[in-house]
Amino acid sequence: MWHRHPVFTRSHLLSVAVTAFLLVACLDIPDTPEPKNTASHVTVYSVQKGNSDSTSLKIHPENPATLKAEVRPKDLESELRFSWYRDTLLGEGASFKIPAYPEEDEIPNRLVVKDSEGNSVSSDFEITVNSPPTFTEDFFPAQGDTLYGTTHTPFTFSWKAYDNEDASLDYILELDTTLYYVGALEKIQQSGLQSGTHLFLVIVKDSEGDTDTLPPVKFYVVDTLEAKK
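Residues numbered from 1 in each chain as written. Predicted model: local features only at pLDDT ≥ 70, side-chain atom pairs only at ≥ 80, totals over all residues. Heavy atoms only, no water.

A few words now on the overall build of the protein. Counting secondary structure elements, the protein contains 2 helices and 19 strands. The buried share of the protein, reckoned over its 229 residues, is 31%. Taking all contacts inside the protein whose residues are at least 6 apart in sequence as the whole, residues at least 24 apart take part in 60%. Of the roughly 15,300 Å² that the protein leaves accessible, carbon and sulfur atoms contribute 53%. (Helix = DSSP H or I, 4+ residues; strand = E, 2+ residues; numbered from the N terminus. Buried < 20%, exposed > 50% of the residue type's maximum accessible area, 1.4 Å probe, protein only. Contact = heavy atoms within 4.5 Å. Areas by Shrake-Rupley, 256 points an atom, 1.4 Å probe, with all protein chains shown as cover.)

Nonpolar side chains in soluble globular proteins tend to end up buried together. Core analysis: the largest hydrophobic core is formed by 21 residues, its most contacted members being Phe135, Phe157, Trp159, Tyr171, Phe200, Val202 and Phe219. Of all the elements in the fold, those that place two or more residues in this core are strand E13 (155-158), strand E15 (170-175), strand E18 (196-205) and strand E19 (211-223). A per-element tally of this core places E19 first, with 4 residues. With residues up to four places along the chain from it excluded, the contact list for Phe219 reads Pro141, Asp145, Leu147, Phe157, Leu175, Leu193, Gly196, Thr197, His198, Leu199 and Phe200. Listed in part, the 20 residues of the second largest apolar core include Val42, Ala65, Val71 and Val113. (Core = buried A, V, L, I, M, F, W, Y, C linked by side-chain atoms within 4.5 Å.)

Attention now goes to the sheet that holds strand E6 (residues 88-92). Where strands meet in a sheet, backbone hydrogen bonds hold them as pairs that are either parallel or antiparallel. Overall, antiparallel pairing links the 4 strands, which are arranged E6-E5-E8-E9 in an open sheet. Edge positions in the sheet fall to E6 and strand E9 (120-124), since each has one partner strand and no second. Strand-to-strand, the axes of this sheet are offset by a mean angle of 25°, without reference to chain direction. In terms of strand pairing, strand E5 (residues 81-86) meets strand E8 (residues 110-114) through 5 bridges, oriented antiparallel. (Pairing = 2+ DSSP bridges. Axes fitted to C-alpha atoms, helices over the stretch in contact; angles between N-to-C directions.)

Here we come to the layout of surface pockets. The computed volume of the largest pocket comes to approximately 160 Å³. For the largest pocket, the full set of lining residues is Ser46, Gln48, Lys49, Asn51, Ser52, Asp53, Lys58, Ile59 and His60. Of all the secondary structure elements, the ones that give two or more residues to the lining of the largest pocket are strand E1 (41-48), strand E2 (51-53) and strand E3 (58-59). In terms of residue count, E2 provides more of the lining of the largest pocket than any other element does, 3 residues in total. When the residues that make up the lining of the largest pocket are grouped by side-chain class, the tally is 1 nonpolar, 5 polar and 3 charged. (1 Å grid on protein atoms, 1.4 Å probe; cavity = no way out; pocket = protein on both sides within 12 Å on 5 of 7 lines; lining within 4 Å. Points joined across faces, edges and corners; volume = space filled by probe spheres on them. Nonpolar A, V, L, I, M, F, W, Y, C, P; charged D, E, K, R; others polar.)

What follows covers the packing of aromatic side chains. Pairs of aromatic rings are described using the distance from one ring centre to the other and the angle between the two planes. In this structure the tally under the stated criterion is 7 aromatic pairs. A ring pair is formed by Trp84 and Phe96, whose centres lie 6.1 Å apart and whose planes are at 40°; its orientation type is tilted. With Trp84 in strand E5 and Phe96 in strand E7 (residues 95-98), this residue pair connects regions lying 12 residues apart in the sequence. Both residues of the pair, Trp84 and Phe96, count as buried. (Phe/Tyr/Trp six-rings, centres within 6.5 Å; stacked < 30°, edge-to-face > 60°.)

Each neighbour pair has its own omega, and for Arg72 with Pro73 the value is 0°, a cis peptide bond. Take Pro73: it is sitting in the loop between strand E4 (65-72) and E5. In this structure, Pro141 follows Phe140 across a cis peptide bond, with omega equal to 0°. Examined against the element boundaries, Pro141 turns out to sit in the loop between strand E11 (134-135) and strand E12 (146-149).

Moving on, we get to a negative patch on the surface. Taken together, the side chains of Asp87, Glu103, Asp105 and Glu106 define an acidic patch exposed on the protein surface. As for its position among the elements, Glu103 is in the loop between E7 and E8. (Patch = residues over 30% accessible without salt bridge, like charges linked within 9 Å, V, L, I, M, F, W, Y side chains within 5 Å. Salt bridge = Lys/Arg side-chain N within 4 Å of Asp/Glu carboxyl O. Lys, Arg positive; Asp, Glu negative; His and termini not counted. Charge placed at Lys NZ, Arg CZ, Asp CG, Glu CD.)

Bringing the sheet that holds E12 into the picture now. With mixed pairing, 5 strands are arranged side by side in an open sheet as E12-E19-E18-E15-E16. The open sheet has two edge strands, E12 and strand E16 (178-183), and neither has a second partner. Going from strand to strand, the sheet's axes swing by 30° on average, the running direction of each strand aside.

In regions of low pLDDT, the predicted coordinates are not meant to be interpreted in detail. Of all residues in the protein, 81% attain a pLDDT of 70 or more, and the chain-wide mean is 84. Of the regions scoring below 50 in pLDDT, residues 1-33 engages in 1 contact with residues more than four places distant in sequence or in other chains. (pLDDT = per-residue confidence, 0-100.)

In this section: the pairing of E5. Two elements, E5 and E6, share 4 bridges in a ladder whose sense is antiparallel. Following the sheet pairing, Arg86 is matched in E6 by Thr88. Between E5 and E6, which pair antiparallel one after the other, the connecting turn spans 1 residue, and Asp87 there sits at a positive phi close to 70°.

Structure (structure tokens):
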């Protein structure tokens, strides 16, 4: 007579039970906890004379400026350590003050933020120090000048601006209500002006986008042909 034998031996059943237990145990193990007091992102922006800049990070040398760090999540700021570097450590804290007319080694270019556990996040940046262009008093016609001619007379308009960093500047001339993009020119001649009161002003822009504006100049044109009648 044939006898049926169990398919699974006692040792095989024990192996299956252990494997099932391990699988259940793996499902119960929690994920690795995320650090709760670590900044995930840091942004540096500059503040000068009340104006904030987080894109070009540009400051003017003639005024003090402040660099500020913004972290996410924001509510962690008080629990973090901020270190400002340029080759060596320049200062600590969520903000850093840059003096007027700073030397290069007084301006940081790296920020490191650490938590109490030693986790850190850093940001490398570059501060642009740029002086805006400035118009001189050398312009023509002067305020209140009277020009004599006709609508065919080419009247001269001239101006001058200087910039500590740029040798060549871009100008826009506004004559009455018409704009003329004149590039680097500092003198043009324009005809077609009718007898009467006119205004002109000039806008200058340097390579960093800083500008200055020559205040509107009022001048007068007297038609010499009309005057002879």
